[in-house]
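Listed below, chain by chain, are the residues.
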Amino acid sequence: MADRPAYLKNLKSESVVQRVINCLTDGMISGELKPGDKLPTEPELAANFGVARTSVREATKILTYMGVLESRRSEGTFVSTGFQESMIDPMVYGIILNRGDDFDSLMELRELIEVGILQLAVKKENQEGLDLVKNRLEDFEAAVAGTDDVAQAAFEADNAFHDAVSDLCRNTLVSKIDSVVRMLTYSVRWDTVKTMIDTGRGEELLQAHQKIYDMLAAKDLQHIEERIRNTYFLDVLDREEEKTD
């Protein structure tokens with residue numbers, strides 16, 4: 001009997017579906033399963049692993065949902081050949097379920113991502129992309145100066161501005177992670193924008209965005225952590241936290 005790949009090992013204990021997932025993942029990590037490779041058929045996998053076909057089917061369904069595998073009708077199941085956005089979704093759910101009320105950790109994550117995005121954006125920025133950031137800044141200015149549902153308009157303009165900054169990185173994974181972090185900090189950012197607008201501090205909010213654009217345009221990232229932190233308006237966040245106590 002010919003030697004079989006190391007990942008095709010008999011499974012004795014643990015959650016069977018999880019162990020099938022682990023073995024297939026180990027095969028990809030070791031290089032025995034490469035991008036584009038076709039997996040053995042469901043009956044073959046079940047026989048090699050020593051498990052029921054239903055366990056194999058469930059494991060491959062999970063990995064397909066995650067974007068690690070792809071199923072082609074009438075052809076079989078293959079290892080994905082590149083990054084799929086769905087790969088990051090399970091991580092998003094995990095963060096949401098486990099984030100708790102650790103505000104400081106969330107703010108540290110936000111700062112880390114925003115600083116990294118600006119650093120990469122400066123390295124890879126192009127004039128067309130920078131012009132788009134400038135346009136989004138002008139949209140933000142118009143929103144702050146508006147009279148109809150200003151807080152909501154400013155919040156939407158804020159998101160569009162940061163989307164344009166993230167797009168300067170020309171990296172789909174970076175853009176996805178940025179959108180995840182902004183989703184996780186949605187309530188914090190909304191409270192900040194609304195309070196700043198409602199208390200007549202819209203111009204300060206605009207200037208914070210102007211400073212980000214200026215850093216990009218001048219490629220000047222000195223003291224970037226401090227500058228980014230200053231755009232969070234922690235006094236506003238502290239005030240909102242006191243209201244909930």
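Conventions and cut-offs
Residues numbered from 1 in each chain as written. Predicted model: local features only at pLDDT ≥ 70, side-chain atom pairs only at ≥ 80, totals over all residues. Heavy atoms only, no water. Helix = DSSP H or I, 4+ residues; strand = E, 2+ residues; numbered from the N terminus. Contact = heavy atoms within 4.5 Å. Areas by Shrake-Rupley, 256 points an atom, 1.4 Å probe, with all protein chains shown as cover. Phe/Tyr/Trp six-rings, centres within 6.5 Å; stacked < 30°, edge-to-face > 60°. Buried < 20%, exposed > 50% of the residue type's maximum accessible area, 1.4 Å probe, protein only. Salt bridge = Lys/Arg side-chain N within 4 Å of Asp/Glu carboxyl O. Core = buried A, V, L, I, M, F, W, Y, C linked by side-chain atoms within 4.5 Å. Pairing = 2+ DSSP bridges.

A. Fine view of the overall build of the protein chain. When helices and strands are counted, the protein chain shows twelve helices and two strands. Along the protein chain, helices and strands appear, N-terminal first, in the series α-α-α-β-β-α-α-α-α-α-α-α-α-α. Restricting the contact set of the protein chain to residue pairs at least 6 apart, pairs at least 24 apart contribute 71%. For the protein chain, the exposed area adds up to about 13,800 Å²; of that, 50% sits on carbon and sulfur atoms.

B. Representation of the packing of aromatic side chains within the structure. By the definition in use, this model includes two aromatic pairs. Ring centres of Phe155 and Trp190 lie 5.4 Å apart, and the angle between their planes is 80°; on these two criteria the pair is classed as edge-to-face. Within this pair, whereas Phe155 is found in helix H7 (residues 150-167), its partner Trp190 is found in helix H9 (residues 186-198), the two being separated by 35 residues in sequence. Take Phe155: its relative accessible area is 2%, and that puts it in the buried class. Through a chain of ring-to-ring contacts, the aromatic side chains of Phe155, Tyr186 and Trp190 assemble into a single cluster.

C. How the structure looks around the pattern of salt bridges. In this structure the tally under the stated criterion is 15 salt bridges. A salt bridge links Arg227 to Asp220, with the nearest nitrogen and oxygen atoms 3.5 Å apart. Each of Glu42, Arg53 and Arg57 takes part in salt bridges that share partners, so that together they form one network.

D. Summary view of unusual backbone geometry. Within the chain, Asp149 stands out as a residue other than glycine whose phi angle is a positive 50°. Position of Asp149 among the secondary structure elements: in the loop between helix H6 (127-144) and H7. Its identity is not glycine, yet His223 carries a phi of approximately 55°, on the positive side. With respect to the secondary-structure elements, His223 resides in the loop between helix H10 (202-218) and helix H11 (224-229). His223 sits in the exposed class, given a relative accessible area of 55%.

E. Just the nonpolar core, in detail. In terms of nonpolar packing, the biggest core is built from 40 residues, with Leu118, Val133, Ile197 and Leu216 touching the most fellow members. At the level of secondary structure, the elements contributing two or more residues to this core comprise helix H5 (103-124), H6, H7, H9, H10 and H11. Sorting elements by how many residues they give to this core places H7 first, with eight residues. The residues touching Leu216, leaving out its near neighbours within four places in the chain, are Leu118, Ala121, Val122, Glu125, Leu130, Val133, Val165 and Leu168. Judged by nonpolar contacts, the second largest core, of 16 residues, contains Leu24, Leu39, Ala46 and Leu69.

F. The arrangement of the pairing of strand S1 (residues 69-72) in detail. Of the strand pairs in this sheet, S1 and strand S2 (residues 76-79) are connected by four bridges, and their pairing is antiparallel. Within S2, the position partnered with Glu70 by the bridge is Phe78. Between S1 and S2, which pair antiparallel one after the other, the connecting turn spans three residues, and Ser74 there sits at a positive phi close to 70°.

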